[in-house]
Amino acid sequence: MNLTLELAKPKGAVASQVDLSPPDGRGAVSVVAADGTETTHFHRDWVLGPSTRLAVLVLRPATSPRPVVDRATTPLEAWTLQAASPAAAAAAVATLREWLEVTKPRRFVVVANPFAGRQKARGVVADVVVPLLQLAHEGNEFDVVETTHRGHATDVARSLDISRLDGALLAGGDGLVHEFFNGLLTRPHDWSTARLAVPVAHIAAGSGNGLAASMNAVCARVAVLAAVKGWTREIDAMATFMTPPGADPETEPGEARFCNLSLTWGLVGDINGGSEAMRWIGPLRFDVVAAVRLACKRTYGARIAFLPADDDDEEERADSVLGTHDEEETPKTAADLAARVRDTPLSAIFAPGSGWTTLPAHDYFYFSAQTLPHQSDKFNAAPHARAGDGCMDVGLLDGGGASALRLVPTLLDQSKGKHIDGRNTGIQYQKVRAVVVVPVDPAYRPAAWARYAGDGAKWSARATCAEGHMVLDGEVTGWAAALRVQVVPRLLRVFAPRDLDEEAFARHVPKIDELLPLGATWAQ
């Protein structure tokens, strides 16, 4: 069945009628305008009193299909339509709402970090998020909370009444999302329910906005549309245990933190950490510090172990090492989902026959673990990363192979992710299920670390640094005596537009089996 309605105010349009047809299960209404182009309706159609007129709001992307990461503001159009009678108008509204899947109101919590990036979050919420939620359905309800201090979003997520919520809209950077998800996952009694019951829409208002970019929802209107439509997908998370400095990494793994995006150390960690004082200039701060770090190279000594996920045999081996989780049983805490990595002594992990692939002590310039492609809306750090594939994509660059001349050409255009092509940059790249990193600097390490350094370790002549910045989802955490990380598949849920094309992120890079795997030149 189609609806044919008169345009009350065509505003220069050649056509006098608009044909509305069902969305074929896609949750949107198609409109063929005067120029014959297909558009996608937004989410509210209404009649004010017993009127013969109704309106339809339309989000019309500038191009179709949209760019891989669409940073443009999608225009919002209002179509005023004329029905034959008030009854016909009311019937049209009811039909449209059924097609649009907005027959019932929704309730959200909106959390904004007014200090993120260039401090635009408050304006984005007032000018975009709130008006669109109000337009989406007159019955929509939402509470707006502004964070005032580090960890505030975690406290908000822990205290929510999730039974009354359909989701959360987080206006800020990736650090705000990180805090909120960790709040959901550390709720004492219902974390397992909360992690999926409260999907998150990232309203990009920070410096990096990696989650929004990985969902192709950098435009705030697109992110809100996905939320009011209820379009969701499940994503992996990384359970991360950081042994604090001074503690024994053998037996003290540290408290769990969950990353929904990335974990970096070395070059990218130093760029994030070294630019904290320059937040006022926005994303440009990353480029400034990157230029300094490429000119003045710093490397970090470490021993690394990992569980590959390249084929069925390696997946089976990883399952035997990590154990399998009974989905019918809910662990007491989310951290228990990674109990094997957390509780296994490091000496057992690095022992021969442990099932782990180990790399001898070496100095590294770049380390990155990603469950989603983008670290920022301009940096496609892990083009082969996919939401919900049960893996993290790890990139490594050893200190001896790091060269500014080799890296600069790819860093000038980071959107394509070409830096992962080891033939040009020396970067090693591989999908893994778990990874352990033990910093072991020959000049500074305590005696307790010596057992992980390995015999016959060869070090670069350049000085390695004992510390450095470890960064979780854009949040600078300082340094750890050891780092244990395991992927927890499909742990979280996010709102995402229906036209997200994850395969497009890897369009300009070699296939993953053509890349240089981890430790290709010195794996044991």
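Residues numbered from 1 in each chain as written. Predicted model: local features only at pLDDT ≥ 70, side-chain atom pairs only at ≥ 80, totals over all residues. Heavy atoms only, no water.

S.K.: Is there a simple way to think about the pattern of salt bridges in this case?
M.R.: Note that side chains of opposite charge can pair when their charged atoms are close. Scanning the entire structure with this criterion turns up 19 salt bridges. Residues E234 and R493 are paired through a salt bridge, measuring 2.9 Å at the closest nitrogen-oxygen approach. Placement of the pair is E234 in strand β11 (residues 232-243) and R493 in strand β22 (residues 482-495), with a sequence separation of 259 residues. Linked by salt bridges that have partners in common, R66, D70 and D499 make up one network. (Salt bridge = Lys/Arg side-chain N within 4 Å of Asp/Glu carboxyl O. Helix = DSSP H or I, 4+ residues; strand = E, 2+ residues; numbered from the N terminus.)

S.K.: What exactly am I supposed to notice about the packing of aromatic side chains here?
M.R.: The description of an aromatic ring pair uses the distance of the two centres, along with the angle that the planes make with each other. Evaluation of the coordinates by the stated rule reveals 2 aromatic pairs. Both rings, one in F108 and one in F495, keep their centres 6.4 Å apart while their planes meet at 70 degrees; by these two values the pair is edge-to-face. Taken as a pair, F108 in strand β7 (residues 107-112) and F495 in strand β22 lie far apart in primary sequence, 387 residues in all. Ring centres of W265 and Y300 lie 5.3 Å apart, and the angle between their planes is 40 degrees; on these two criteria the pair is classed as tilted. On the criterion of sequence distance, the pair formed by W265 in strand β13 (residues 262-266) and Y300 in strand β14 (residues 300-308) is long-range, its members being 35 residues apart. Pair check on accessibility: W265 and Y300 agree, each one buried. (Phe/Tyr/Trp six-rings, centres within 6.5 Å; stacked < 30°, edge-to-face > 60°. Buried < 20%, exposed > 50% of the residue type's maximum accessible area, 1.4 Å probe, protein only.)

S.K.: I'm lost on helix α7 (residues 220-229) in this one. Help?
M.R.: Helical geometry note: an α-helix holds 3.6 residues per turn, so side chains three or four residues apart project in the same direction. Most of α7 is tucked away: 9 of the 10 residues are buried. Along α7, the positions that sit buried rather than exposed are A220, V222, A223, V224, L225, A226, A227, V228 and K229. G230 lies just past α7 and shows a positive phi near 80 degrees.

S.K.: When you look at the packing of helix α2 (residues 121-136) against α7 in this model, what are you seeing that I'm missing?
M.R.: Axis angle and axis distance: for two packed helices, these are the angle between their axes and the distance between the axes, and together they describe the pair. Following both chains from N to C, one finds α2 and α7 inclined at 35 degrees, their axes separated by 10 Å at the closest point. The two elements α2 and α7 meet at a crossing, and its hand is right-handed. Of the residues in α7, those touching α2 at V124, V128, V129, L132, L133 and A136 are A220, R221, V224 and V228. Considered class by class, the residues forming the contact of α2 with α7 number 9 nonpolar, no polar and 1 charged. (Axes fitted to C-alpha atoms, helices over the stretch in contact; angles between N-to-C directions. Left-handed = near helix turned anticlockwise from the far one by under 90°. Contact = heavy atoms within 4.5 Å. Nonpolar A, V, L, I, M, F, W, Y, C, P; charged D, E, K, R; others polar.)

S.K.: Got a minute to help me understand a negative patch on the surface in this structure?
M.R.: A contiguous patch of negative charge, built from D310, D311, D312, D313, E316, D513 and E514, is present on the exposed surface. Relative to the assigned elements, D513 resides in the segment after β22. (Patch = residues over 30% accessible without salt bridge, like charges linked within 9 Å, V, L, I, M, F, W, Y side chains within 5 Å. Areas by Shrake-Rupley, 256 points an atom, 1.4 Å probe, with all protein chains shown as cover. Lys, Arg positive; Asp, Glu negative; His and termini not counted. Charge placed at Lys NZ, Arg CZ, Asp CG, Glu CD.)

S.K.: Explanation requested: a positive patch on the surface in the structure shown.
M.R.: The grouping of R71, R118, K120 and K378 at the surface amounts to a positive patch. Here R71 is to be found in the loop between β5 (53-59) and β6 (76-82). Given a relative accessible area of 44%, R71 falls into the partly exposed group.

S.K.: Just to check I follow, could you spell out the nonpolar core for this structure?
M.R.: In summary, soluble globular proteins display a tendency toward joint burial of nonpolar side chains. Of all hydrophobic cores here, the largest spans 76 residues; its most connected members are L169, F180, I203, M215 and L491. Of all the elements, α2 adds the most residues to this core, at 9 residues. Beyond its immediate chain neighbours, meaning those up to four positions away, M215 contacts R233, L372, A387, V494, F495, A496, P497 and L500. Judged by nonpolar contacts, the second largest core, of 27 residues, contains Y300, M392, L472 and V485. (Core = buried A, V, L, I, M, F, W, Y, C linked by side-chain atoms within 4.5 Å.)

S.K.: Which parts of the structure should I look at to understand the environment of H178?
M.R.: Along the polypeptide, H178 turns up in helix α4 (residues 174-185). Remark: the alpha-carbon pair of H178 and G474, spanning 296 residues in sequence, is separated by 8.4 Å. Not counting residues within four places of it along the chain, the set of residues in contact with H178 comprises R257, F258, C259, N260, L472, D473 and E475.

S.K.: Honestly, the confidence of the model for the protein in this entry has me stumped. Any pointers?
M.R.: One rule of thumb: low pLDDT means the predicted coordinates there are not for detailed reading. Of all residues in the protein, 76% attain a pLDDT of 70 or more, and the chain-wide mean is 81. With pLDDT under 50 throughout, residues 9-16 is counted as low confidence; its partners more than four residues away or in other chains account for 10 contacts. When the criterion is pLDDT under 50, residues 41-48 qualifies, and its contacts beyond four places in sequence or with other chains add up to 49 contacts. (pLDDT = per-residue confidence, 0-100.)

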